[in-house]
Amino acid sequence: MAWGGNHFTPLLSLYRDIGHYSVLSVDLFLATYVGGLVPGLLVAGPLSDRYGRKPLAAVGVGLGIAASVVLALFFRSEALMCAGRVLAGLGVGIGMAVGTSWLKELSTPPFDTTADDTAGARRPSLSLTLGFGLGAGVSGALAQWGPWPTTTPYAVHIALSLAALAALAGAPETVRKRATTTSTRRGSLLADLRVPLAGHRRFRQVVLPAAPWVFATAGVAYAVIPMLETPRLGGMQLGYATLLTVVTLGTGALVQPFTARINRLTGGRAMLVGMAAMIAGLVIAAVNAHYLSPWAGAAAAVLLGASYGIALVSGLVEIQHIATGADLAGLTGVYYSLSYAGFVLPMALAGLAVIASYTVLLAVVALICLGCLVLVAVGLRRTAVV
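Predicted model, so just to flag it, every value in this text is computed and none were measured. (Residues numbered from 1 in each chain as written. Predicted model: local features only at pLDDT ≥ 70, side-chain atom pairs only at ≥ 80, totals over all residues. Heavy atoms only, no water.)

Draft legend 1. The overall build of the protein, seen in detail. Helices and strands together make up the secondary structure of the protein, namely 18 helices and zero strands. Its C-alpha radius of gyration of 20 Å places the protein within 12% of the 21 Å reference for a compact globule of 386 residues. Principal-axis analysis of the C-alpha atoms gives the protein an extent of 65 × 45 × 35 Å. In the protein, buried positions account for 55% of the 386 residues. Across the protein, every contact between residues at least 6 apart in sequence was considered, and the portion connecting residues at least 24 apart equals 83%. (Helix = DSSP H or I, 4+ residues; strand = E, 2+ residues; numbered from the N terminus. Rg over C-alpha atoms; globule rule 2.2 N^0.38 Å. Buried < 20%, exposed > 50% of the residue type's maximum accessible area, 1.4 Å probe, protein only. Contact = heavy atoms within 4.5 Å.)

Draft legend 2. Seen up close, the nonpolar core. Judged by nonpolar contacts, the single largest core of 96 residues is most densely connected at Phe132 and Met275. When residues in this core are grouped by element, the largest group, 14 residues, is from helix α11 (residues 212–233). Contact partners of Met275, with chain neighbours within four places excluded, come to Pro209, Ala210, Trp213, Cys369, Cys372, Leu373 and Val376. In terms of nonpolar packing, the next biggest core, distinct from the first, is built from six residues, Ala57, Val61, Ile65 and Trp102 among them. (Core = buried A, V, L, I, M, F, W, Y, C linked by side-chain atoms within 4.5 Å.)

Draft legend 3. Examining the packing of helix α10 (residues 201–210) against helix α16 (residues 328–341) more closely. For the pair α10 and α16, the least separation of the axes is 10 Å and the interaxial angle reads 40 degrees. Relative to α16, the element α10 is oriented oblique. Of the two elements, α10 crosses α16, and the hand of that crossing is right-handed. Residue-level contacts link Phe203, Val207 and Leu208 of α10 to Leu331, Val334, Tyr335 and Leu338 of α16. Looking at the contact of α10 with α16 residue by residue, the classes come out as seven nonpolar, no polar and no charged. (Axes fitted to C-alpha atoms, helices over the stretch in contact; angles between N-to-C directions. Parallel < 35°, antiparallel > 145°, perpendicular 65-115°, else oblique. Left-handed = near helix turned anticlockwise from the far one by under 90°. Nonpolar A, V, L, I, M, F, W, Y, C, P; charged D, E, K, R; others polar.)

Draft legend 4. Up close: the packing of aromatic side chains. Applying the stated criterion across every chain, the model contains twelve aromatic pairs. For the pair Phe132 and Phe215, a centre-to-centre distance of 6.2 Å together with 80 degrees between the ring planes defines the contact as edge-to-face. Taken together, the positions of Phe132 in helix α6 (residues 119–145) and Phe215 in helix α11 put the pair 83 residues apart, joining distant regions of the chain. Take Phe132 and Phe215: they sit in the same class, and that class is buried. Cluster of aromatic residues (ring-pair linked, three or more members): Tyr33, Phe132, Phe215, Tyr222, Tyr308, Tyr340 and Phe343. (Phe/Tyr/Trp six-rings, centres within 6.5 Å; stacked < 30°, edge-to-face > 60°.)

Draft legend 5. Examining a positive patch on the surface more closely. Residues Arg201, Arg204, Arg269, Arg381 and Arg382 make up a contiguous surface patch of positive charge. For the positive patch, the elements supplying multiple residues, two or more each, are α10 and α18 (358–382). The residue Arg381 is located in helix α18 in this model. Residue classification places Arg381 among the exposed residues on the basis of a relative accessible area of 62%. (Patch = residues over 30% accessible without salt bridge, like charges linked within 9 Å, V, L, I, M, F, W, Y side chains within 5 Å. Areas by Shrake-Rupley, 256 points an atom, 1.4 Å probe, with all protein chains shown as cover. Salt bridge = Lys/Arg side-chain N within 4 Å of Asp/Glu carboxyl O. Lys, Arg positive; Asp, Glu negative; His and termini not counted. Charge placed at Lys NZ, Arg CZ, Asp CG, Glu CD.)

Draft legend 6. Structural context of the layout of surface pockets. By volume, the largest pocket amounts to about 620 Å³. Met1, Ala2, Val61, Gly95 and Ser127 are, among the 25 residues lining the largest pocket, the residues nearest its centre. Secondary structure elements with two or more residues in the lining of the largest pocket: α1 (2–6), α4 (53–73), α5 (78–106), α6 and α7 (152–168). Here the lining of the largest pocket takes seven residues from α5, the largest share from any one element. Class assignment of the residues belonging to the lining of the largest pocket gives a composition of 16 nonpolar, nine polar and no charged. Its boundaries defined by the atoms lining it, the second largest pocket holds a volume of some 490 Å³. Taken together, 30 residues form the lining of the second largest pocket, with Asp117, Thr118, Val317, Gln320 and His321 sitting closest to its centre. The set of elements that each furnish at least two residues to the lining of the second largest pocket consists of α6, α13 (259–265), α14 (270–291) and α15 (294–322). The element best represented in the lining of the second largest pocket is α15, accounting for five residues. Considered class by class, the residues forming the lining of the second largest pocket number ten nonpolar, twelve polar and eight charged. (1 Å grid on protein atoms, 1.4 Å probe; cavity = no way out; pocket = protein on both sides within 12 Å on 5 of 7 lines; lining within 4 Å. Points joined across faces, edges and corners; volume = space filled by probe spheres on them.)

Draft legend 7. Summary view of empty space enclosed by the protein. All told, the structure shown has three cavities of 30 Å³ or more when counted by the stated rule. The space that makes up the largest cavity amounts to roughly 80 Å³. Along the walls of the largest cavity sit Thr9, Pro10, Leu12, Ser13, Arg16, Tyr222, Ala223, Pro226, Met227, Thr230, Gln237 and Ala241, which together make up its complete lining. The biggest single contributor to the lining of the largest cavity is α11, with five residues. Within the lining of the largest cavity, the residues separate by chemical class into seven nonpolar, four polar and one charged. In this structure, the second largest cavity occupies an estimated 50 Å³ of space.

Honestly, that's just the spatial picture; any functional story needs more than this.
Structure below.
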């Protein structure tokens, strides 16, 4: 499901060239993806808390297949491209909310008796990041050097998704097993959708100000920086966009296993470390928006990728400390919805570029991120996980 959500990203320059879309239009494709993702996150989590992880995961994979069919066949229609991206967002939203909760539960007894305390956050975030990175890398390479660049990447995703559906048939369900050991009577589905733990003090003061930056800065790394470097790249702009996507998400995947150690060394402040790396990456990106060095762009992508990985795992650890078993998927969906709200940043920057340079805009973004870091630091001092 993660593969199907991000394999579109390195193809943005391809659609600018072949489909003759403007920068604002291709960034709109990213934003409409969020329009499908957020409902998927918010609704699928509570539904899976009630009806089980497996059936919702199967629906998510199916939506991803439908999205790839639409994107492969109708790439010259802006409206249908937006529709395909909405379907992709719905599929990934289900994957993120339901899959994260499912893997967390599979990382605890009786399914796994050897996993450490952070495995439930690390494993889904690593799976998500690897899916995002591998999907982008394979699709970008196929579009740059393979046949039928607007079709082949989606055909590969469809084949993998069909294999995933077959694998799901033998996966263990966790909700049913939990339901047999609790006497708690579930309320209405509408009550589940409200996710009252989103008002938890720790969530409001620590998770909320940090969450939008998880994907906002990742979007800068693999959507904004490659677009700015286009005049320097010639015919390799698609290859460079693919490289930066893989570098960003690959770095994120590499640092995620070390987040628990960072948390221990900093006394539970790994989130602040991640946000500090975001600010450093944004500053480099802002300066490089003037000089346009592909090497500096790659350096910024490394920092932004590291910050993405640390912040994502740190946020999931917070969510899993706050949530009860019955509310886990719902609160996870709220967290990911807030995180992905930051993915509209590239489109916002493209719209504001008519009044200010990207150097100025990225510098302002870095300052806002610094303000949020201060809010998180204050929140960490004032709250305690209960």
